[in-house]
Amino acid sequence: MASTVARRGPRTMGWLGWTGVGVLVLALSLVVSVSYAMATNAVALLDNADALFRGNSQIRLVAATQYGADPQQKLEMFVPAKPVKIGAAPYPIVVFIHGGGWDSGDPHYYRFIARALVPQGYAVVLPGYRLYPKARFPGMVEDGAAALRWVHDHAAALGGDPTRVVLMGHSAGAYNAAMLALDKRWLAHEGLDANQLRGFIGLAGPYDFLPLDTDATRNSFGNASDLPATQPIHFARADAPPMLLLTGDADKTVFPRNSVALARAMTDAGRPMQADVLPGLSHTRIIMLMAKPFAGNHAVLDKVLQFLAAVTAPASSAAVKPTVH
């Protein structure tokens, strides 16, 4: 008698299998997106990756508005979703100005700065500014001053402390912020005093870039009647706000000598300081370390938080003197 073996039909994948495939595809997509962001400095992708890792539950958007008539003159303000401490004072404010060679960039793609700093007890304002060809020098600096005027007028009602403001920027944004902190005339035009700023944090900023030898600098500064007056280094002064100058020794876009030269000029002017030159960091890597996919490296964020804690303390007045590593 011949034996028979029952044949089974093709196996079908259960819901657990499909869930596993979905998770794998999501993980691979995230890796590809983050890798692409690292390779191309696609800040929107970097911000999306940061949102996936960190989420938005710890930050609260309290303003999304215009501080000027041009669509690029916009800003967002974030505060902690829950009070850091019951009955605490209003939050110190970090105004972060984005980079992009003065011809590109959008503040909405830098919400990862808010996700990094707001949970630590800070309000964060992300202003945009008119970009080339809409504006050339001094348009970007004037816009920064107007954004700070908005902060002065409105931040208190939204939980921020306009008497404790720190300017922060990356690349071209660090330039804009440095000019506001050092050349007092720009904030004076808005009825503000640059000496009331609690500090300035520059990430890979161009502070001494004459002669103009790139398309970005020629486009935005080539029409200036007084080129030396466009350079932050020429406004170094002993009574300037405290500064944290961070740069990477692998930066081939804005060479570290910019931060070193500004620190030297500040020292010569009577405010001793040193640039903090971080080993192995490129121009893009220094800002990427503020985002969660790369925040396992604390080289940048820890220094930023230490500086902010020192200069925004209620009785803060002493200059912070970063050191070279």
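Remember, predicted model here, so these are calculated numbers, not experimental data.

**Overview of the overall build of the chain**
Check the secondary structure of the chain and you find 10 helices and eight strands. By the burial criterion, 49% of the 325 residues in the chain qualify as buried. Counting contacts in the chain only where the partners sit at least 6 residues apart, residues at least 24 apart contribute 75% of the total. As presented, the chain carries roughly 15,100 Å² of accessible surface, and 57% of it is formed by carbon and sulfur atoms.

**Things to note about helix α4 (residues 139-154)**
Across its 16 residues, α4 extends 22 Å between first and last C-alpha, which sits within 8% of the 22 Å expected from 1.5 Å per residue. Along α4, the positions that sit buried rather than exposed are Gly 139, Met 140, Val 141, Asp 143, Gly 144, Ala 145, Ala 146, Ala 147, Leu 148, Trp 150 and Val 151.

**Topic: the confidence of the model for the chain**
Taken as a whole, the chain shows an average pLDDT of 89; of its residues, 83% reach a score of 70 or greater. In this model, residues 1-6 is a region of pLDDT below 50 whose contacts with residues beyond four sequence positions or in other chains number zero contacts. Here residues 34-41 is modelled with pLDDT under 50, and outside its nearest four sequence neighbours on either side it reaches 15 contacts, counting other chains as well.

**A word on the nonpolar core**
Core analysis: the largest hydrophobic core is formed by 57 residues, its most contacted members being Phe 137, Leu 180, Phe 200 and Leu 245. Sort the elements by how many residues they give to this core and helix α5 (residues 172-182) lands first, with nine residues. Each residue touching Phe 137, except ones within four places of it in the same chain, is listed here: Tyr 175, Met 179, Trp 186, Ser 220, Phe 221, Ala 224, Ala 229 and Thr 230. Formed by 39 residues, the second largest nonpolar core is a distinct cluster that contains Val 43, Ile 113, Ile 286 and Met 290.

**A look at the environment of Asn 223**
Its location among the elements puts Asn 223 in the loop between α7 (215-221) and β7 (243-248). Note on Asn 223: relative accessible area 63%, which makes it exposed. Taking the C-alpha atoms as reference points, Asn 223 and Phe 137, separated by 86 residues in sequence, lie 8.0 Å from one another.

**Here we look at the pairing of strand β4 (residues 123-127)**
In terms of burial, β4 is largely enclosed, as five of its five residues are buried. With burial as the criterion, each face of β4 is covered, one bearing Ala 123, Val 125 and Pro 127 and the other bearing Val 124 and Leu 126. Here four bridges tie strand β2 (residues 74-80) to β4, and the two strands are oriented antiparallel to one another. Its bridge partner being in β4, Phe 78 is matched across the sheet by Val 124. Remark: the strand β3 (residues 91-97)/helix α3 (residues 111-117)/β4 crossover connection has right-handed handedness.

**Quick look at the environment of Val 125**
Structurally, Val 125 can be placed in strand β4. Overall, Val 125 belongs to the buried group, its relative accessible area being 1%. Taking the C-alpha atoms as reference points, Val 125 and Ala 147, separated by 22 residues in sequence, lie 9.1 Å from one another. Beyond its immediate chain neighbours, meaning those up to four positions away, Val 125 contacts Leu 75, Glu 76, Met 77, Ile 93, Val 94, Val 95, Phe 96 and Val 151.

**Here's the deal with unusual backbone geometry**
Peptide bonds are trans in most cases, and residues, glycine excluded, mostly fall at negative phi. The linkage connecting Tyr 132 with the following residue, Pro 133, adopts the cis geometry, with an omega of 10 degrees. With respect to the helices and strands, Pro 133 occurs in the loop between β4 and α4. Cis geometry marks the peptide bond from Phe 137 to Pro 138; its omega dihedral reads 10 degrees. If you trace the backbone, Pro 138 turns up in the loop between β4 and α4. Backbone geometry at Trp 102 places phi at a positive 65 degrees, although glycine is not the residue there. Examined against the element boundaries, Trp 102 turns out to sit in the loop between β3 and α3.

**As for the sheet that holds strand β6 (residues 199-203)**
Strand pairing in a sheet relies on backbone hydrogen bonds, with the paired strands running either antiparallel or parallel. Taking strand neighbours across the sheet as the criterion, the eight strands line up as β1-β2-β4-β3-β5-β6-β7-β8 in an open arrangement whose pairing is mixed. The sheet terminates laterally at β1 (59-66) and β8 (276-278), the two strands that pair on one side only. Averaged over neighbouring strand pairs, the angle between their axes works out to 20 degrees when direction is ignored. In the sheet, strand β5 (residues 160-170) pairs with β6 via five bridges, with the strands oriented parallel. Counterpart to Val 166 in the pairing with β6 is Gly 199. Together, β7 and β8 form the strand contacts of helix α8 (residues 257-269), whose direction differs from that of β7 by roughly 155 degrees.

Conventions and cut-offs
Residues numbered from 1 in each chain as written. Predicted model: local features only at pLDDT ≥ 70, side-chain atom pairs only at ≥ 80, totals over all residues. Heavy atoms only, no water. Helix = DSSP H or I, 4+ residues; strand = E, 2+ residues; numbered from the N terminus. Buried < 20%, exposed > 50% of the residue type's maximum accessible area, 1.4 Å probe, protein only. Contact = heavy atoms within 4.5 Å. Areas by Shrake-Rupley, 256 points an atom, 1.4 Å probe, with all protein chains shown as cover. Expected span 1.5 Å × (residues − 1). pLDDT = per-residue confidence, 0-100. Core = buried A, V, L, I, M, F, W, Y, C linked by side-chain atoms within 4.5 Å. Pairing = 2+ DSSP bridges. Right-handed = clockwise from strand over helix to strand, strands pointing away. Axes fitted to C-alpha atoms, helices over the stretch in contact; angles between N-to-C directions.

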